[in-house]
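A structural walkthrough
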Amino acid sequence: MAGGSRVLAVLGPTNTGKTHYAIERMLGHRTGIMGFPLRLLAREVYDKIVAIRGPSVVALVTGEERIVPPRAKYWICTVEAMPPGMGCDFLAIDEIQLCADPERGHVFTERLLKSRGTNETLFLGADTMRGPIAALVPGVEFLRRERMSELVYGGSKKISRMPPRTAIVGFSVDNVYAIAELLKRQKGGAAVVMGALSPRTRNAQVALYQNGEVDYLVATDAIGMGLNLDIDHVAFSATAKFDGRRMRPLMPAELAQIAGRAGRGMSHGSFGVTGDARPLDDHVAEAIMEHRFEPLKKLNWRSSDLQFGTVEALIRSLESIPEDEVLMRAREADDLGALKFLSRDSGIISRTTNPQSVRLLWDVCRIPDFRGISHGEHAALIGGIFEYLHGGGVVPDDWLARQIKRIDRTDGDIDTLSKRLAFIRTWTYVSQRKNWLHDESHWRGVTRAVEDRLSDALHERLTQRFVDRRTSVLLRRLKQKEALLAEVNDKGEVTVEGEFVGRLDGFRFTPDKSAQGAEAKTLKSASLQALAPQFHLRADRFYNAPDTEIDFTEQGGLMWGDAAVGKLVAGADPMNPKVEVFVDDAAGADVAQKVERRLQHFISRKVQALFEPLINLQKDEDLTGLARGFAFRLVESLGLLPRHTVMQEVKELDQDARGALRKHGIRFGQFTIFMPLLLKPAPTRLRLVLWSLANGVQEFPEAPPPGLVTVPAAKDAPKGYDTMSGYREAGERMIRIDMLERLADMLRAEDSRGGFEAKADMLSITGMTLEQFADLMQGLGYRAEKGERAKVKATAEAAKEPAAEISSDTAADAPAETPAETPVEAPIESPTETPTTPPAEVPAETPTEAPAEAPVEGAADTAAEAPAEMEVFYTFAWGGRGRQGGNRGARRSDAYGQDGQERRSGKPRGAGGNARSGQAGSSGERTAGKPGGRPGGKPGGKKAGRPQQQGGKTYSARPPKKEKQIDPDNPFAAALMGLKQGD
């Protein structure tokens, strides 16, 4: 055993400053070397010394990394990679208690026995090594260091209750990942540290934890090997591990090595268990807290006096038995297993014919099995490398390039990237060996670059999978009780401290739906706290917004741009709805009241603007008596009244009342009493909403598209929908109220009893085909009889003169157009008596087309040559019934006009009584002298055998009624007065 220098064993529990003490001692010497158990720990110490002395004098040598500046004075290495025989002034070995490790213990024991500094040697480790060191190292001195802080046992806790700055330890990759996933959901995430990570990935993950981006660390027992982190609590998720051969419980000293990571410097720490781990026994917990452990009695050993004559001799020397009773032969390591496997390969054995080739084979077998696939695959790989190197050769560049190219990919998940990192470590190790490659420095750079790319990609995947930066940041700021900064962009996306947390729709916050469970609660709590100022700013902006930025939907919603800010609810009356605001409770009562006032102002002004005629009618103090009551009914029905529902009230209105109502734009139509201004699209849309609210409709019907005369009937719509939408249902379609009144004017001039055909004007104003018009007429109470006849094809010359004559006659006999204001209702069949007159007594005028029977000159020959083309026609006659009450609202005898005035049958049915000078005053007179009253023998509007009415006499079943005064506002008042005086 070597001697000649001061040998000091610095022993004690964790957090005693042993490593720091060794660094200070080394920097006090001209040269020095330190060996560490992990590549990660070596890199950490290397960075510290570089920060003190600079990179030009510090070297880093591990199995996969080699940074050696020309003037290197201080060497930081893994224990396995320590260069032998360097002769440095100072030498230190950290975690010397690993001499008892079943897998790597023999390497540490070798350094304990043979590695020395020329001036000073330090062995750093647990106090359990005192006995073996004293027995094996002559003249050793001992220095006991006490822990600088207390370590207490905290028992068992759920992961959800773990305090911040906690490290949770697992002993398998699956266990580590599962814990990290859980912490992400409940605590915002965790950093992950495992021994298999590259230093670059490990440092990036540790930075997440050390910088406070996450408050939790999930690690394997690798953190027990001297990694210095700011940990307050260590929790074991298991107390047993797989040691490569079997599952075994961790010894108290092993638990203490890991638990001791809690509490740094003078800060106290704690440890405990979590998950499925059983609470520690009392004596185990006390031993850890008091640092009392059973001393080590045996150290693993493997001979370093190797025989390279043959492969068999090498194996025998590796399996030799130690002579000292403190030492015991180590179990078969991976390098010895690989050597034995290759020794059975005759091709390999045939090449090991001298000590040099045997030594080369041994060096190749010492390539670590980073991939961990199988012993056979690893042996096959190193066997191929040995064949390339045998006889002074090198590993071919093209072959190595292919191996690296397959690995140099950054796609895939965490497991895929971890495997690629393990594979590249093999080639990184190969590139560090001297004389194995043509250009070692080139391949070191290549493998290092690939490892860095894979490390960065792995760190990114680990962070994506196990860290929710958003929740982590919000939790940390909430604990610090600092004001959170929230920002809302023009799309309503809310970010708090730069992290997306959800959307602000008006004054309601919707958290990001990807958040679940505890994460969602944290997200909403932090977001609403941060949004408090935003709510007030938004409320001020909304209160001052113009009405053009606010609108209502057809379902009663209230919108500010694209954001829903409230809805309409029923008020005391249909014209005065109330509002219900959509404001989060967190916004406060002031914001809610401000939004409510603004919306109430908006809807009140909207009603006043769109229903101005109706409001003026409601406020007219000059209306009295029946007129005022009728105005109330019209306001209550939002400006539209089916006439059959107020027939009696209409009859009771005198001309003065009617005139007063007409001044407000009210039209007394045949089917509907309405205000034409309220039929426009905007009032109609609002009227449907107000009507739906007042009637408690669950799903509000939508307004028909603007500009259409007829629309399909809404079969599932609530009763009264057609009237409120400004239409009347008739058959399969609904026709707009004002256009229906125009159609009624045309129908009044037709022989509705004897039958008539649709005119082109009728089809034109309705925009219907003949078949659709027939369905409409049936919906209005008419019968439609379908017929077919030969279509007449007249020559242009033959058709011109009759057409001109017919047009002239028609113009002479056509009744004066009834103004749209005073259309005449088509009477319906009385339920108590059969009417003696048809709905319209005015006979059909001379048709504009020549009768089908009329011979056309020159047409006979054509008819003989080709069959006649047929056309479909409909004949309409009053059927005495209609939908929605039909014309029952017009229930009256023919003696009454559209305004309920008594009509004299000797006067024309049109509004202008004296418009046709020289013509008879009644339809009976106009048809007298004509057989049957119409061309073709059709009845002239009177039943056969019934005497024609003459003069101004009227036959009625009603008792005599007091004659009403003629309305002076009626545009036909003068004509009516003249007729009255003529009587």
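Residues numbered from 1 in each chain as written. Predicted model: local features only at pLDDT ≥ 70, side-chain atom pairs only at ≥ 80, totals over all residues. Heavy atoms only, no water.

Right, let's get into the overall build of the protein. In terms of regular secondary structure, the protein is built from 32 helices and 34 strands. Of all 983 residues assigned to the protein, the portion counted as buried reaches 50%. Residue pairs at least 24 apart in sequence account for 70% of intrachain contacts in the protein once pairs closer than 6 positions are excluded. In the structure as shown, the protein presents an accessible area of about 46100 Å², 50% of it carried by carbon and sulfur atoms. (Helix = DSSP H or I, 4+ residues; strand = E, 2+ residues; numbered from the N terminus. Buried < 20%, exposed > 50% of the residue type's maximum accessible area, 1.4 Å probe, protein only. Contact = heavy atoms within 4.5 Å. Areas by Shrake-Rupley, 256 points an atom, 1.4 Å probe, with all protein chains shown as cover.)

On to the sheet that holds strand S26 (residues 578–581). Sheet architecture is open: four strands sit in the order S23-S24-S25-S26, paired in antiparallel fashion. Strand pairing shows two members of the sheet lacking a second neighbour, strand S23 (550–552) and S26, which therefore form its edges. Between one strand and the next, the sheet's axes are offset by a mean angle of 30°, whatever the strand orientation. As paired elements, strand S24 (residues 557–560) and strand S25 (residues 563–569) share four bridges and run antiparallel to each other. (Pairing = 2+ DSSP bridges. Axes fitted to C-alpha atoms, helices over the stretch in contact; angles between N-to-C directions.)

This paragraph deals with the confidence of the model for the protein. Here the protein shows a mean pLDDT of 80. Residues at 70 or above account for 79%. Confidence over residues 795–860 falls short of pLDDT 50; this stretch has 124 contacts with residues more than four positions distant or in other chains. Counting contacts from residues 882–961, a segment whose pLDDT is below 50, to residues more than four positions away or on other chains yields 171 contacts. (pLDDT = per-residue confidence, 0-100.)

In terms of residue burial, strand S1 (residues 6–11) counts as a mostly covered element, since five of its six residues are buried. Alignment of S1 against strand S7 (residues 120–125), held across six bridges, turns out to be parallel. The partner of leucine 11 across the bridge, within S7, is glycine 125. With four bridges joining them, S1 and strand S8 (residues 141–144) adopt parallel strand pairing. Within S8, the position partnered with alanine 9 by the bridge is phenylalanine 142.

Attention now moves to the pattern of salt bridges. Tallied over the entire structure, the rule returns 49 salt bridges. Across the pair arginine 461 and glutamate 460 runs a salt bridge whose closest N-O atoms are separated by 4.0 Å. With relative accessibility at 19%, the residue arginine 461 sits in the buried group. Of the residues examined, glutamate 460 reaches a relative accessible area of 41% and is grouped as partly exposed. For the salt bridge of arginine 789 with glutamate 871, the shortest nitrogen-to-oxygen distance reads 3.0 Å. In this pair, arginine 789 is assigned in strand S33 (residues 782–790) and glutamate 871 in strand S34 (residues 870–878), connecting sequence segments 82 residues apart. For glutamate 871, a relative accessible area of 24% puts it in the partly exposed group. (Salt bridge = Lys/Arg side-chain N within 4 Å of Asp/Glu carboxyl O.)

On to unusual backbone geometry. For asparagine 15, which is not glycine, the phi dihedral falls at a positive 60°. The residue asparagine 15 is located in the loop between S1 and helix H1 (18–27) in this model. Although it is not a glycine, arginine 165 sits at a positive phi angle of roughly 60°. In this fold, arginine 165 is placed in the loop between strand S9 (151–156) and strand S10 (166–169). Residue classification places arginine 165 among the buried positions, given a relative accessible area of 15%.

Below, the discussion takes up the packing of aromatic side chains. All told, the structure shown has 14 aromatic pairs when counted by the stated rule. Ring centres 6.1 Å apart and planes at 15° place the aromatic pair phenylalanine 507 and tryptophan 560 in the stacked group. Of the two residues, phenylalanine 507 sits in the loop between strand S21 (499–505) and strand S22 (508–511) while tryptophan 560 sits in strand S24, which places them 53 residues apart along the sequence. In this structure tryptophan 560 comes out as buried when scored by relative accessible area, which is 13%. Considering the side-chain rings of tyrosine 874 and phenylalanine 876, the 6.2 Å spacing of their centres and the 15° angle between planes classify their relative orientation as stacked. For tyrosine 874, a relative accessible area of 10% corresponds to the buried category. (Phe/Tyr/Trp six-rings, centres within 6.5 Å; stacked < 30°, edge-to-face > 60°.)

Glancing now at the packing of helix H2 (residues 39–53) against helix H6 (residues 199–210). Interaxial distance between H2 and H6 falls to 10 Å at its minimum, and their mutual angle equals 70°. Classified by the angle between their axes, H2 and H6 sit roughly perpendicular to one another. Where H2 approaches H6, its residues Arg39, Leu40, Arg43, Glu44 and Asp47 are matched on the opposing element by Pro199, Arg202 and Asn203. A per-class count over the contact of H2 with H6 returns two nonpolar, one polar and five charged. (Parallel < 35°, antiparallel > 145°, perpendicular 65-115°, else oblique. Nonpolar A, V, L, I, M, F, W, Y, C, P; charged D, E, K, R; others polar.)

With respect to the secondary-structure elements, leucine 306 resides in the loop between strand S17 (299–301) and helix H9 (311–318). Through-space distance from the C-alpha of leucine 306 to that of glutamate 319 is 9.9 Å; in sequence the pair is 13 residues apart. Sequence-distant contacts of leucine 306, defined by excluding residues within four places in its chain, comprise Leu314, Ser317, Leu318 and Trp362.

Within the secondary structure, histidine 601 sits in helix H19 (residues 589–610). Histidine 601 gets classed as partly exposed once you look at its relative accessible area, which sits at 37%.

Taken together, three strands build an open sheet; the order of strands is S30-S32-S31 and the sheet is antiparallel. Sheet topology places strand S30 (710–712) and strand S31 (727–730) at the edges, where each strand pairs with a single neighbour. Ignoring which end each strand starts from, the neighbouring axes of this sheet average 30° apart. When S30 meets strand S32 (residues 733–736), the two strands line up antiparallel, connected through three bridges. Following the sheet pairing, proline 712 is matched in S32 by arginine 733.

This part covers the pairing of S32. By the bridge criterion, four bridges tie S31 to S32 in an arrangement that is antiparallel. When the sheet's bridge partners are listed, glutamate 729 is paired in S32 with methionine 734. Between S31 and S32, which pair antiparallel in sequence order, lie two residues; one of them, glycine 731, sits at a positive phi of approximately 75°.

As a further point, take the packing of helix H10 (residues 334–343) against helix H13 (residues 375–389). Between two packed helices, what matters for the description is the angle formed by their axes and the separation of those axes. As a packed pair, H10 and H13 sit with axes 10 Å apart at the nearest point and diverge in direction by 75°. For the element pair H10 / H13, the angle class is roughly perpendicular. For the pair H10 and H13, the contacting residues are Asp334, Ala338, Phe341 and Leu342 in the first and His375, Gly376, Ala379, Ile382 and Gly383 in the second. By residue class, the composition of the contact of H10 with H13 is five nonpolar, three polar and one charged.

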